Number of protein chains: 2
Amino acid sequence: MFQERKTSTPLEKLGEFGIIKYLTQDINYHQFSSIIGIGDDAAVLDFKENKILVSTDLLIEGIHFNLAYTPLKHLGYKAVVVNISDIYAMNAKPTQITISIAVSNKFSLESLNEFYVGIKMACKHYKIDLIGGDTSSSNFGMIISMTAIGSAYQKDIVLRKGAAPNDLLVVSGDLGAAYLGLQILKREYEVFKTNPHIQPEYGGYEYVIQRQLKPEAPNKILSIFNTVDVKPSSMIDISDGLASEVLQICDMNNLGCRLFEGKLPIDPQTQLACEDLQLNPSIAVLSGGEDYELLFSISLKDYEKIKYQDYFSVIGYMTYLEEGAKIITKEGQLVSITAQGWDAFLKHA
Amino acid sequence: MFQERKTSTPLEKLGEFGIIKYLTQDINYHQFSSIIGIGDDAAVLDFKENKILVSTDLLIEGIHFNLAYTPLKHLGYKAVVVNISDIYAMNAKPTQITISIAVSNKFSLESLNEFYVGIKMACKHYKIDLIGGDTSSSNFGMIISMTAIGSAYQKDIVLRKGAAPNDLLVVSGDLGAAYLGLQILKREYEVFKTNPHIQPEYGGYEYVIQRQLKPEAPNKILSIFNTVDVKPSSMIDISDGLASEVLQICDMNNLGCRLFEGKLPIDPQTQLACEDLQLNPSIAVLSGGEDYELLFSISLKDYEKIKYQDYFSVIGYMTYLEEGAKIITKEGQLVSITAQGWDAFLKHA
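Residues numbered from 1 in each chain as written. Chains lettered and ligands numbered in written order. Predicted model: local features only at pLDDT ≥ 70, side-chain atom pairs only at ≥ 80, totals over all residues. Heavy atoms only, no water.

Novice: Mind showing me how you'd approach the interface of chain A and chain B here?
Specialist: Interfaces are often sized by the amount of accessible area the parts lose when they come together. Listed as interface residues are 61 residues of chain A and, on the opposing side, 60 residues of chain B. Taking both sides of the interface into account, the surface hidden between chain A and chain B amounts to around 4,600 Å²; carbon and sulfur atoms contribute 57%. The interface formed by chain A and chain B includes two salt bridges. Across the pair Lys 51 of chain A and Asp 46 of chain B runs a salt bridge whose closest N-O atoms are separated by 3.0 Å. Summed over the shared surface of chain A and chain B, the result is 10 residue pairs in polar contact (both at pLDDT 80 or more). Examining the composition of the side of chain A that touches chain B, we find that nine residues originate from one element, strand β3 (residues 51–60) of chain A, more than from any other. (Contact = heavy atoms within 4.5 Å. Buried area = accessible area lost by both parts, 1.4 Å probe. Salt bridge = Lys/Arg side-chain N within 4 Å of Asp/Glu carboxyl O. Polar contact = N/O pair within 3.5 Å; in protein donor to acceptor, adjacent residues only side chain to side chain. Helix = DSSP H or I, 4+ residues; strand = E, 2+ residues; numbered from the N terminus.)

Novice: Any chance you could explain the UniProt feature "binding site: ATP" (unreviewed entry) in chain A here in plain terms?
Specialist: Residues and elements named next belong to chain A. Per the UniProt annotation, the sites labelled "binding site: ATP" (unreviewed entry) are Tyr 116, Gly 133, Asp 134, Arg 160 and Ser 239. Annotated residues spanning 124 residues; largest pairwise C-alpha distance 32.2 Å, indicating distribution over more than one region. Here Asp 134 is to be found in the loop between β5 (129–132) and β6 (135–137). With relative accessibility at 12%, the residue Asp 134 sits in the buried group. In this fold, Ser 239 is placed in the loop between β9 (234–238) and α7 (242–253). Take Ser 239: its relative accessible area is 21%, and that puts it in the partly exposed class. (UniProt positions renumbered as here; feature names shortened; annotations may be inferred. Buried < 20%, exposed > 50% of the residue type's maximum accessible area, 1.4 Å probe, protein only.)

Novice: Can you walk me through the domain arrangement of chain A in this structure?
Specialist: Residues and elements named next belong to chain A. In terms of domains, chain A is made up of domain 1 (11–156) and domain 2 (168–348). Each of domain 1 and domain 2 has a C-alpha centre, and the two are 26 Å apart. Between domain 1 and domain 2, the contact holds 22 residues from the first and 21 residues from the second. Summing the contributions of domain 1 and of domain 2, the shared interface buries around 1,900 Å²; its carbon and sulfur component is 64%. On the domain 1 side of the interface with domain 2, the three residues burying the most area are Tyr 69, Lys 78 and Tyr 88, jointly 34% of the side's total. Put simply, domain 1 and domain 2 have one salt bridge between them. Our count for the domain 1 to domain 2 interface comes out at six residue pairs in polar contact (both at pLDDT 80 or more). Counting residues per element, the ones that place at least two in the side of domain 1 that touches domain 2 are α2 (72–88) and α3 (109–126). (Domains from an automatic or database assignment.)

Novice: Is there a simple way to explain the UniProt feature "binding site: Mg(2+) 5" (unreviewed entry) in chain A in this structure?
Specialist: Residues annotated in UniProt with the feature "binding site: Mg(2+) 5" (unreviewed entry) correspond here to Asp 240 of chain A. By relative accessible area, which is 38% here, Asp 240 of chain A ends up partly exposed.

Novice: Quick question: what am I supposed to make of the sheet that holds β9 of chain A here?
Specialist: Neighbouring strands of a sheet are bound in pairs by backbone hydrogen bonds; such pairs are parallel or else antiparallel. Residue and element names in this part refer to chain A. Strand order in the open sheet made by the seven strands is β9-β11-β8-β12-β10-β13-β14, with mixed pairing throughout. The open sheet has two edge strands with one neighbour each: β9 and β14 (334–336). When strand polarity is set aside, the average angle formed by the axes of neighbouring strands in this sheet is 25°. Across three bridges, strand β13 (residues 325–328) lies against β14 in antiparallel orientation. Paired with Ile 327 across the strands is Val 335, a residue of β14. (Pairing = 2+ DSSP bridges. Axes fitted to C-alpha atoms, helices over the stretch in contact; angles between N-to-C directions.)

Novice: Got a minute to help me understand the side chain of Thr 98 of chain B in this structure?
Specialist: Note that Thr 98 of chain B resides in strand β4 (residues 93–103). On the basis of relative accessibility, which here comes to 2%, the residue Thr 98 of chain B falls in the buried class. Once residues lying within four places of it in the same chain are set aside, the contact partners of Thr 98 of chain B are Val 54, Thr 56 and Thr 147 of chain A together with Leu 130, Ile 131, Gly 132, Gly 133, Ser 145, Met 146 and Thr 147 of chain B.

Novice: Got a minute to help me understand the sheet that holds strand β12 (residues 312–320) of chain B in this structure?
Specialist: Residues and elements named next belong to chain B. Ordered by their spatial adjacency, seven strands build an open sheet running β9-β11-β8-β12-β10-β13-β14, and the pairing between neighbours is mixed. Every other strand in the sheet has two partners, leaving β9 (234–238) and β14 (334–336) as the edge strands with one partner each. Between one strand axis and the next, the sheet turns through 25° on average, direction left out of account. One ladder, built from four bridges, connects strand β8 (residues 168–172) with strand β11 (residues 293–298); its direction is antiparallel. Bridge pairing in β11 links Leu 169 to Ser 297.

Novice: Any chance you could explain the relation of the copies chain A and chain B here in plain terms?
Specialist: It takes a turn of 180° to lay chain A on chain B, together with a shift of 0.0 Å along the axis; the resulting RMSD is 0.0 Å. Between the two chains, the operation in question is that of a two-fold axis. Both copies contact each other with a shared surface, as 98% of the interface residues of chain A are interface residues in chain B too. (Least-squares fit on C-alpha atoms with pLDDT ≥ 70 in both.)

Novice: In this structure, what is going on with the environment of Phe 115 of chain B? I would like to understand it.
Specialist: Residues and elements named next belong to chain B. Within the secondary structure layout, Phe 115 lies in helix α3 (residues 109–126). Among the residues examined, Phe 115 registers a relative accessible area of 0% and is labelled buried. On a C-alpha basis, the gap between Phe 115 and Lys 73 in space is 4.6 Å, while along the polypeptide they are 42 residues apart. Phe 115 has contacts with Leu 72, Lys 73, Leu 75, Gly 76, Ile 99, Ile 101, Met 142 and Ile 144, leaving out every residue within four places of it along the chain.

Novice: Quick question: what am I supposed to make of the packing of helix α2 (residues 72–88) of chain B against α3 of chain B here?
Specialist: The description of two helices packed together rests on the angle between their axes and the distance between the axes. Residues and elements named next belong to chain B. Running from amino to carboxyl end, α2 crosses α3 at an angle of 40°, the nearest separation of the two axes being 6 Å. On the basis of their axis angle, the class for α2 and α3 is oblique. α3 is crossed by α2, and the crossing has right-handed handedness. In this structure, α2 contributes Leu 72, Lys 73, Leu 75, Gly 76, Tyr 77, Val 80, Val 81, Ile 84 and Tyr 88 to the contact, and α3 contributes Ser 111, Glu 114, Phe 115, Val 117, Gly 118, Ile 119, Met 121, Ala 122, His 125 and Tyr 126. (Parallel < 35°, antiparallel > 145°, perpendicular 65-115°, else oblique. Left-handed = near helix turned anticlockwise from the far one by under 90°.)

Here it is, written out as structure tokens:
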């Protein structure tokens, strides 16, 4: 897992334009809408009659990632996923991305290239075009800024606003795994720091670690919507933890909600890691974050269409504002959902 | 010039969503193409049949700016200008911008708001819509990442590629002023550090300091092109110093060029500051940067159309590749242009 170093070319040898040329020499474009990509003052795109979606994200070393246990190739891949997930969350297709990075001069060209290999892998996988960026030196750590662009027909776009009382709340995939993956990586890194000869133990935790280091964007969900002919009434990307996203949906729609703790989708490996680390799985789901799944609401009448979709879990429903945003615990208690999730839960759990 | 502090609200009091709500509460939109702005996973735009331009920039404390002598309001304004200049450099109109920032917890809400006041001033002045962004904490300094979006008819877009031998090289405005402004600010800051009771002396340097702290984007140049009915054969934003941009144009077109040192447009105040600081004005122009003017090439036949435009200076012409990229000094010497500009010039000057 930990980074290997081979040859090491100092960045100052190439200069900014040399670095960009080197890193982007083998970039292929997948989208008809990419008219001009990297190499001019701006990229040029053409979306014909479609609407255009734009979303931007910032990843900062020490805040969002730790290079001690994050291989650069994975980080590049994840950066793309983090950013395009926001476009999928509008029920739209991401088509282009720009990536700006700042690194200290201690970075070699080879390690920067590792990062770009990951970016290009993700671009290939999701058929996204890398159309621009900016590189800079940094006095501190590594900084990554990305902007994703996508397109959709007006009629398909799903906003955070649009949910109605009694709409069902549904999530894709399973939740909490990425957070547990991070806890396992942190634990093994602490062991490694104490004694670098001890090999990290990841056996049995491959899935949660993969969810942390190499998450995937919720692209298949859009094709499920298409297949079952459902358009959600509202939708949001799960990046900050389920609690935060549920509260956003409530807030945008002036509604309350009821979640069922027993309905939260948790992978057995996440469950196991929680036992190992003595964490409450529901708290990991509510407050962990980095799931890159989707939370959406659908009209009750659409329930029949999605009920056999293994990939979807109905976790609750929308209520009127007065009823508040609450979760019904496995023991039947009614607990308020807070942005952190932790406090309220800890008091009652 | 130096920052005043009034009330000071810690950022952690509001949380990320609270901060965004506070900072963006009074944002107005100017563009018909902005369908949905801040507040969802992505913004939604509609450009009808027009082409879309995208450009992105990163500004990092300690590398691109120093908060010791950069008021936050000016920094916000400048961030917008830096980013939209790239869109103007395509002969296109910027229409939207996203701004992501990371700051340490030492920043107060009030100082962050100062930064946003500057952003909003620039958005109002240039009729740009702020449609998104990301805020994050930072363990180090302040980080600003911006993506500008613009639109244009296909027929109007001017790329870096397109120049032919004998095309004239033209620049807008005057060059080198922002670099001298920075040198004056640095000098006064050194004095201030030694003795905080000495007031900084900016008398006579208002213009160069303004060019550094509150530059303007080259929007009026597009209307001049329109008025005189000229479409440049190639164009680039002057942000890294004239030498670097000239070499980019040569490189993209597989051509050489000749510049005339005596034709470089330099403001009298820049000239004066150079004497004061014992700097070579031509070096400031070639290597200083942050001018946010445009360098473009036009066909010889268009010369008559622009020759009475005070705002334009013909500084040279394109040649075949074999002739190299060179500048003819005031003394008649032929000197190679290098990306830094400094070295070659210092050897000969």
